[in-house]
Amino acid sequence: MNNPANRRLTGRVALVTGASSGIGEATALTLAAEGARVVIAARRMQRLIDLADRIRQSGGEARPIEADVTNETQASNMVRDTLEAFGRLDLLLNVAGIGVAAPFQNTTTAEYRQMVDVNFLGLLYPIHAALPAMKRQGNGHIVIVSSGTGRYIHPSTVYSGTKHAASAMAESLRREIGKDWIRVTSIEPGAVRTEFTSHMRDEVRASVEQRLGDMVQLESDDVAAAILYAVTQPPHVNVNILTIYPTQQP
Ligand SMILES: NC(=O)c1ccc[n+]([C@@H]2O[C@H](COP(=O)([O-])OP(=O)(O)OC[C@H]3O[C@@H](n4cnc5c(N)ncnc54)[C@H](OP(=O)(O)O)[C@@H]3O)[C@@H](O)[C@H]2O)c1
């Protein structure tokens, strides 16, 4: 952990979805190093337990919670558990997501549903559950990890559609709840080197890997640093959108 005098999130409570790997894991580590107490959520509990151990070993505080964000009850329990454990929720980081980066005609209807469920409904349920507490507190910050493909058009039709929905929803929500001192930030990365592509069908993964070639991708820590920037601004500053791409990515 950073020197106590320099920690920027001491006293804050952060709930990170998708914390079992990639960007979510890096975000949890980054926020914990800045003094936040982090609740880390995903479906793979053993990974969360290991991550919580790592955070505690470096002097931080972490609480793992097994939750599927597509399940409204589990998403709501995840928020309730956070509030019961720590009494508040300052930062909600919606990182969980999946993508089949393929054209429409090479995406199955089951894959459409899965992407809509995780990338959109899985975003709405935690926010819905967290907002009443943030309003009571008179402050809060909701971070949505959308994607560059949620702003520009890349050849990943349904994934891109779910991320456009996420980015649009973030901006609309910001306009709705800013008056309550609740901030909303959309993070829109280009290609990040995580296990994201490993969850795609072999054929789709191969075509994505071919498209990326030997381009130097972002690391999860690069995105976590962008998130840290957004959540450490003074309360009157809302960072609306951060688009962050590998230098070589068109
Ligand atoms: N990698 C990229 O190039 C890239 C670029 C732009 C945006 N993004 C976005 O960044 C976010 C994180 O992706 P990543 O690259 O870090 O990929 P990743 O390593 O595959 O991480 C995805 C995370 O989402 C969680 N997740 C998936 N389905 C879930 C569900 N139903 N309920 C709860 N958690 C679920 C996974 O945990 P469990 O499987 O343990 O549940 C995992 O922790 C995603 O929203 C993705 O769309 C990624």
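1. Here's the deal with the site of the ligand
In the region of the ligand, 31 residues are neighbours, and Ser21, Arg43, Arg44, Tyr159 and Thr194 sit closest. In this structure, Arg43 approaches the ligand through a side-chain N or O atom, which is 2.7 Å from an oxygen atom. At 2.7 Å from an oxygen atom of the ligand is found a side-chain nitrogen or oxygen belonging to Thr194. Burial of the ligand by the protein chains amounts to 95% of its free accessible area of 880 Å². At the level of secondary structure, the elements contributing two or more residues to the shell around the ligand comprise helix H1 (22-33) and helix H5 (157-177). Here the shell around the ligand is built from residues that sort into 15 nonpolar, 11 polar and five charged.

2. A few points about the pairing of strand E5 (residues 140-145)
When you tally the buried positions in E5, you get six out of six residues, the bulk of the element. Neither face of E5 is left uncovered, since the one carrying Gly140, Ile142 and Ile144 and the one carrying His141, Val143 and Val145 both have all their residues buried. Taken together, the four bridges between strand E4 (residues 91-94) and E5 define a ladder with parallel strand orientation. Across the sheet, residue Leu92 finds its bridge partner in E5, namely Ile142. Handedness of the crossover joining E4 and E5 through helix H4 (residues 109-137): right-handed. Two strands pair when backbone bridges link them, and E5 and strand E6 (residues 182-189) are joined in this way by six bridges, in the parallel orientation. Across the sheet, residue Ile142 finds its bridge partner in E6, namely Val184.

Calculation criteria
Residues numbered from 1 in each chain as written. Predicted model: local features only at pLDDT ≥ 70, side-chain atom pairs only at ≥ 80, totals over all residues. Heavy atoms only, no water. Near = heavy atom within 4 Å. Polar contact = N/O pair within 3.5 Å; in protein donor to acceptor, adjacent residues only side chain to side chain. Areas by Shrake-Rupley, 256 points an atom, 1.4 Å probe, with all protein chains shown as cover. Helix = DSSP H or I, 4+ residues; strand = E, 2+ residues; numbered from the N terminus. Nonpolar A, V, L, I, M, F, W, Y, C, P; charged D, E, K, R; others polar. Buried < 20%, exposed > 50% of the residue type's maximum accessible area, 1.4 Å probe, protein only. Pairing = 2+ DSSP bridges. Right-handed = clockwise from strand over helix to strand, strands pointing away.

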